[in-house]
Amino acid sequence: MYRLGLRLTVRSGREALVRLLVTAGAVAVGVAIMLCVLADFHAFTATNNRPEWEATQGQPVSSGYASASHAELWNYSNDIYRGQTIERLDIAALGPTAPVPPGVSKLPADGQYYASPALAALIRSTPAGELGDRFPGRIIGTIGREALTGPDELVIYIGYAPARLAGLPATTVVGKIATAPGRQIWTHYFRDAFVVGAIAFLFPILILLGTATRLAAARREERYAALRLVGATSGQISVISSVDAIVSALLGAIAGVGIFMLLQPALADTAITSARYFADEVTPTVAGYLIVLVGVPVAAALSALLSLQRVRISPLGVSRRVTPPAPTAWAMAPLLAGIVLFLLGAQMTNRSAIGGPIYLGLILVLLGLVMAGPWLTAQIADLVAKSVRGASSVLAARRLSDNPKAAFRSVRGLVLAVFLGTLLAGLLPAVEAVTATPSAKALSNVLLDGFTAAPVCGNDVNCTGNPDSAGTQPGATLLQRRIALDGLPPQAAAALLSGLRSFRGTTVIPIYSLSPSSSSAPAPPGGLNSVGPGGPAEGVMSCAGLRELAVLGRCAPGRSAVEVDAGMLFDDNPRYSTQPIAAASSPAVSDNFRQLYLQAVLVKVNSATTLERVRTYLVTHATESASGTAPRTFGEAVQARAAVADTVQRLIYIAVVLTLIVAGCSLAVAVGGSLVERKRPFTLLRVTGTPTSALYRVVLLEALVPLVAATVVAVAVGYGMAVLTVSRVAPTGTPVPVPGHSYFLTMGIGLVVSLLVILASLPLLGRITGPDNIRFE
């Protein structure tokens, strides 16, 4: 039986060979896309399981730090170059057994540094005044991949003398380097989002695979019924059918793996998320390959066996065709249940985790759309039969009413694509709304550097902690503690501002602390650690500076300087950091700033080159600053916070495009297979006088009616779920999302292409229904 099944599959005529190739091709597309998704997820998890050495915690530097012979001094910070974050570790060994950070074999000595390959190349190709001068010493090697998340990451280890590093703010004593996995922020949120997206994206792929393996199922049933009539048993037919399905699915799976291998270099070179992964990590696991190479053929065999129910009943079961039971309104139950569960999950969702019921709710919604489609098709078919006249309408409505499930099967992949596209497009405006403001764009060329203590939060964009730097540690000097509170002393501030003003193409706007300099000035009521998230909330700014940066506020007429709420400038969210810090009601103060500490400085630049030169100057000349943060423009602050949002958007666009591709393949296979299966009735209609144009209209109506009916429901459900998700997750005040022009353009193109696919099948209808084809096997 196995040999007979194989012979019937590959050597039973042109029609069988075409069916085999089309089925294998459709399976190959689905498998290749599935492998691409699995490859990127494997790279994502591998990256996140890398030891997070950046999270190493140390103890404050005390007077006896030099006796810690098994430890080292550690000062971790971030720098920026043209929007790219540079992870900087200043390090000094306190003894021969000091721990060594990952990626290098030994600690750098004073005047030496290691750089990641990408940063080393950047330093070599960039003028020293824009980047290289920030890093004292000479490069002695590159950092290995054990410390990196990808080939483009910028990391540097700089060696210092212990006495020098101990005097810098934020330096700690480290005896053990963190080795716990977990690299990216919001890892669990990304993992949950990936699971949700994988569930949603898996359904169209499964529909494509199911449609492909059932191609021309009716014709095969007739052949199997003929074999039953000549003596084949039900078990033998099952074997033949399984061989046919497994061969086509296995060929498609192998071809899909080959397509993935061809696409893998390009996939590895593409930043699907926020950065490229190492190329050898962008590959599915062994389990992923086994699932594809074994699971797809097995699923195809099961689908083929399930389709043989009528053949198993009796050899004449195929010819005894009766109208299947009409779908009832209960078909809407899974869809409604899924919406309810999604609502419950949305209520449980917050900014750090996705509510558990959302998974089951999304699955039920996807299943519900597939199950509700036939019922919706039947309702619209009845409406068409009553309201539209003509032979084509009657034939189409009769066929839709007779078997709405089969009619909807050809468009169900496209309906799911529309649903997912609408859901994701509804989320995009909210993502964009929380990443930038008009004020942030207006300040995109303004560099901000603060000199007061800032919270140490790493990359946690939700951080609102208190300052924790060397300036506020128990062993800090009086000057360091004062700098942490009020900024740079007047003499150091004057020298810094003079150096900044020497750069051409810059406008320097200082912000001073409100209290005058005094070594005996009282601490804030809550103590040294009561400073807010951005340092002291009150500052002094000249009205001339406010006129340069009008989006930050204005002075009342006749005033030369006013109090400003400078603390808002240091908020990590541009939605708040770019709000006005002064108004006409702001109290006037003296414009004599000579005795005031410098709290922050704003530098407006006219070019990217000037920006990097100014930043290098600030990094190298404000080392006593207690802020612990790199100077950055408001535009870069937007970019840093928007990195996660950009990743989400990129994944959304990829998911929508791939879903439409899969849906288009499903539609092409389903429409072509439907025409082949109905070759006999269409041929008989044509030889009895039905015009070919009438048959064309029948095919169009049979495809468009279920598509329109289910698409309306899919759009409504998808948009409603998007609005609900935004209301739960987005910050208060985020407007109701309205899909942008990209959504309408993408969906429009997708639907037009689908229509073209249907139209492209019409010539096939003309050929297979010609009078010469009136004889059937």
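Refer to the structure printed above.
The notes below deal with the structure included here. (Residues numbered from 1 in each chain as written. Predicted model: local features only at pLDDT ≥ 70, side-chain atom pairs only at ≥ 80, totals over all residues. Heavy atoms only, no water.)

## Some remarks on the sheet that holds strand E1 (residues 59-60)
Counted only if it meets this: Strands are treated as partners if at least two bridges between them are detected by DSSP. Numbering goes from the N terminus for both helices and strands, where a helix is a DSSP run of H or I of at least four residues and a strand is a run of E of at least two. Whether two residues are in contact is decided by their heavy atoms, any of which lying within 4.5 Å being enough. Axes here refer to lines fitted to C-alpha atoms; in helices the fit is confined to the stretch in contact. Angles between the N-to-C directions go from 0 to 180 degrees.
Strand order in the open sheet made by the seven strands is E1-E7-E2-E3-E6-E4-E5, with mixed pairing throughout. Only two strands of the sheet have a single partner each, and these edge strands are E1 and strand E5 (138-142). Examined bridge by bridge, strand E3 (residues 84-93) and strand E6 (residues 154-159) share six bridges and lie parallel to one another. In the sheet register, Ile-91 faces E6, and the bridge partner there is Gly-159. Across the sheet, helix H3 (residues 117-125) is in contact with strand E2 (72-81), E3, strand E4 (112-115), E5 and E6; its angle to E6 comes to roughly 80°. Packed on one face of the sheet, helix H20 (residues 608-621) meets E2 and E3 and runs near 160° to E2.

## A look at the state of the cysteines
Test applied: Note that a disulfide, as used here, is simply two cysteine sulfur atoms within 2.5 Å. Note on exposure labels: buried denotes an accessible area under 20% of the residue type's maximum, exposed denotes more than 50%, and partly exposed covers the range between, all computed with a 1.4 Å probe on protein chains only.
Under the counting rule described, the total for this entry stands at one disulfide. Note on cysteine connectivity: Cys-543 is disulfide-linked to Cys-555, with sulfurs 2.1 Å apart. The S-S bond linking Cys-543 to Cys-555 shows a torsion near -100°; that makes this disulfide left-handed. Here the residue Cys-543 occupies a position in helix H18 (residues 543-548), and Cys-555 occupies one in the loop between H18 and strand E11 (561-564), the gap between them amounting to twelve residues. Here Cys-543 matches Cys-555 in class, with each residue buried.

## What about the packing of helix H11 (residues 357-387) against helix H12 (residues 391-402)?
How two helices pack is summed up by the angle between their axes together with the distance between the axes. Note the following rule: Throughout, the term roughly parallel applies to angles under 35 degrees, roughly antiparallel to angles over 145, roughly perpendicular to angles from 65 to 115, and oblique to all others. For a crossing to be left-handed, the near helix must be turned anticlockwise from the far one by less than a right angle; the clockwise case is right-handed. Basically, the charged four are Asp, Glu, Lys and Arg, the nonpolar ten are Ala, Val, Leu, Ile, Met, Phe, Trp, Tyr, Cys and Pro, and anything else, Gly included, counts as polar.
Relative orientation of the contacting elements H11 and H12 amounts to 150°, with a least axis distance of 9 Å. On the basis of their axis angle, the class for H11 and H12 is roughly antiparallel. In the crossing of H11 with H12, the sense of the turn from one axis to the other is left-handed. Two secondary-structure elements touch here, H11 through Thr-377, Ala-381, Asp-382 and Ala-385 and H12 through Ala-397, Leu-400 and Ser-401. Across the contact of H11 with H12, the residue classes tally to four nonpolar, two polar and one charged.

## Here's the deal with the packing of aromatic side chains
Here is the rule: Between rings of Phe, Tyr and Trp, where Trp is taken as its six-membered ring, a pair exists when centres lie within 6.5 Å; planes separated by under 30 degrees are stacked, by over 60 edge-to-face, and by other angles tilted.
Applying the stated criterion across every chain yields a total of seven aromatic pairs. Ring geometry for Phe-41 versus Phe-44: centroids 6.4 Å apart, planes at 25°, classification stacked. Here the residue Phe-41 and the residue Phe-44 both occupy positions in helix H2 (residues 14-48), the gap between them amounting to three residues, near one helical turn. With relative accessibility at 7%, the residue Phe-44 sits in the buried group. An angle of 75° between the planes, with centres 5.6 Å apart, marks the rings of Phe-503 and Tyr-617 as edge-to-face. Of the two residues, Phe-503 is situated in the loop between helix H17 (490-501) and strand E9 (506-516) and Tyr-617 in helix H20; the sequence distance between them amounts to 114 residues. For the pair shown, Phe-503 and Tyr-617 are each scored as buried. Of the aromatic side chains, those joined through ring pairs into one cluster are Trp-53, Trp-74, Tyr-76 and Tyr-157.

## Overview of unusual backbone geometry
In this structure, Arg-82 takes a positive phi of about 50° despite not being glycine. Along the chain, Arg-82 falls in the loop between E2 and E3.

## Let's talk about the side chain of Arg-88
Worth spelling out the cut-off: Pairing of N or O atoms within 3.5 Å defines a polar contact, subject to two protein rules: one partner must be a possible hydrogen donor and the other a possible acceptor, and residues neighboring in sequence count only if both atoms are side-chain atoms.
Tracing the sequence through the fold places Arg-88 in strand E3. Reaching out from Arg-88, the side chain makes a polar contact with the backbone oxygen of Arg-134 at a distance of 3.0 Å. The residues touching Arg-88, leaving out its near neighbours within four places in the chain, are Asn-75, Tyr-76, Ser-77, Arg-134, Phe-135, Pro-136, Ile-156, Ile-158, Tyr-160 and Val-619.

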